[in-house]
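# Secondary and tertiary structure notes
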Amino acid sequence: MSERRLFRRRALWIAGNWKMNGTRAETQAFFDALKSSFPKSDLPAALHTAIFVSPLSIDRALTVRGDLPVEIGLQNVHFESKGAYTGEISGPMALEAGVKLALVGHSERRQYFGETDATAKRRTESLLAQGFTVIHCIGETKTERLENQTENVLARQIDDGLPTEYSDRLIVAYEPVWAIGTGLTATPEQAEEAHAFIRARLATCYNREAAEKLPILYGGSVTPEVFPALLALPNVDGGLVGGASLKPESFRTLIEQGVEASRSAE
Ligand code: PGA
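All of the points below concern the structure found in this document. No experiment lies behind these values; they were computed from the predicted model shown.

Mapped onto the elements, Q157 comes out in helix α8 (residues 150–161). Classification of Q157 by relative accessible area gives buried; the value is 4%. A polar side-chain atom of Q157 sits 2.8 Å from the main-chain amide nitrogen of G139. Apart from the residues within four sequence positions on either side, Q157 is in contact with R110, D117, I138, G139 and L162.

The following block contains the structure:
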């Protein structure tokens, strides 16, 4: 069986991370526009689309989304189910609001809000146990890459940050920090090299079968211009997209490119 076939047996994700963007009114306008231009035919079963919105826009997003096949997620959910954690949101609160998808360990949480491999691991383990699907982010900084530390950093983030037990609701996003919001997308060679390394490491943490099934998304200045070349790589299973997910036209184009990539493999 070819490498390409194995790749297409994994789910493909097109996920938008809105960060601290999107008021309720903007969320409504985005989904209204997306609905009017969304691909008319059903999406391939293995293609998932999602947007991580502000907690205050969750109810608006869920309502205005209607029957669009776009999952709504939260960007940061705590590992404890309640208690003295000012400013945090718990899993039960998210579930009550109708959300079962969470982002964990984004580099901005690590850089500005003290997230570590240890706290990211607690979040991911707790959320998976509560039934969430989790996209867990890892990636090296520019300095770490320049110092040839990329593989060491990824290995540490995987060994110390990912849950001990494999779950089929776990997704990893490789987001080189130097590529986030900079317009400097990783080249296909850089992305494939990192993704292949991550998959091999996952095989040592879990097992080969689990590592083959686990989707690994690329994030960092994904746009419709660069996305098809990334989607064609054997170890890239979609994208986690910041800036380009804020505009309905570019998000829709990324979804169409995902549909194309799913079909071209059938
Ligand atoms: P970007 O952000 O696409 O704007 O680079 C990606 C991310 O931080 O998830």
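Neighbouring the ligand are 14 residues; K19, H106, E175, G181 and S221 lie closest to it. Here an oxygen atom of the ligand and a side-chain polar atom of K19 are 2.7 Å apart. G181 has a polar backbone atom sitting 2.6 Å from an oxygen atom of the ligand. Here the ligand, which alone exposes 290 Å², has 94% of that area covered by the protein. Residues that form the shell around the ligand fall into these classes: 5 nonpolar, 7 polar and 2 charged.

Our next topic: the pairing of strand β5 (residues 133–138). Of all the 6 residues making up β5, 6 are buried; the element is thus mostly covered by neighbouring parts of the structure. The two faces of β5 match: T133, I135 and C137 on one face and V134, H136 and I138 on the other face are all buried. The sheet contact formed by strand β4 (residues 101–104) and β5 spans 4 bridges and is parallel. Within β5, the position partnered with V104 by the bridge is H136.

Under the definition given, this model contains 7 aromatic pairs. Relative to F251, the ring of F30 lies with its centre 6.1 Å away and its plane at 50°, an arrangement referred to as tilted. With a gap of 221 residues between them, F30 in helix α2 (residues 24–37) and F251 in helix α12 (residues 248–264) connect regions that are remote in the sequence. For the pair F30 and F251, a shared accessibility class is recorded, and that class is buried. Through a chain of ring-to-ring contacts, the aromatic side chains of W18, F30, F31 and F251 assemble into a single cluster.

Cut-offs and rules
- Residues numbered from 1 in each chain as written.
- Predicted model: local features only at pLDDT ≥ 70, side-chain atom pairs only at ≥ 80, totals over all residues.
- Heavy atoms only, no water.
- Helix = DSSP H or I, 4+ residues; strand = E, 2+ residues; numbered from the N terminus.
- Buried < 20%, exposed > 50% of the residue type's maximum accessible area, 1.4 Å probe, protein only.
- Polar contact = N/O pair within 3.5 Å; in protein donor to acceptor, adjacent residues only side chain to side chain.
- Contact = heavy atoms within 4.5 Å.
- Near = heavy atom within 4 Å.
- Areas by Shrake-Rupley, 256 points an atom, 1.4 Å probe, with all protein chains shown as cover.
- Nonpolar A, V, L, I, M, F, W, Y, C, P; charged D, E, K, R; others polar.
- Pairing = 2+ DSSP bridges.
- Phe/Tyr/Trp six-rings, centres within 6.5 Å; stacked < 30°, edge-to-face > 60°.

Without other data, these values stay purely geometric and don't point to any function.
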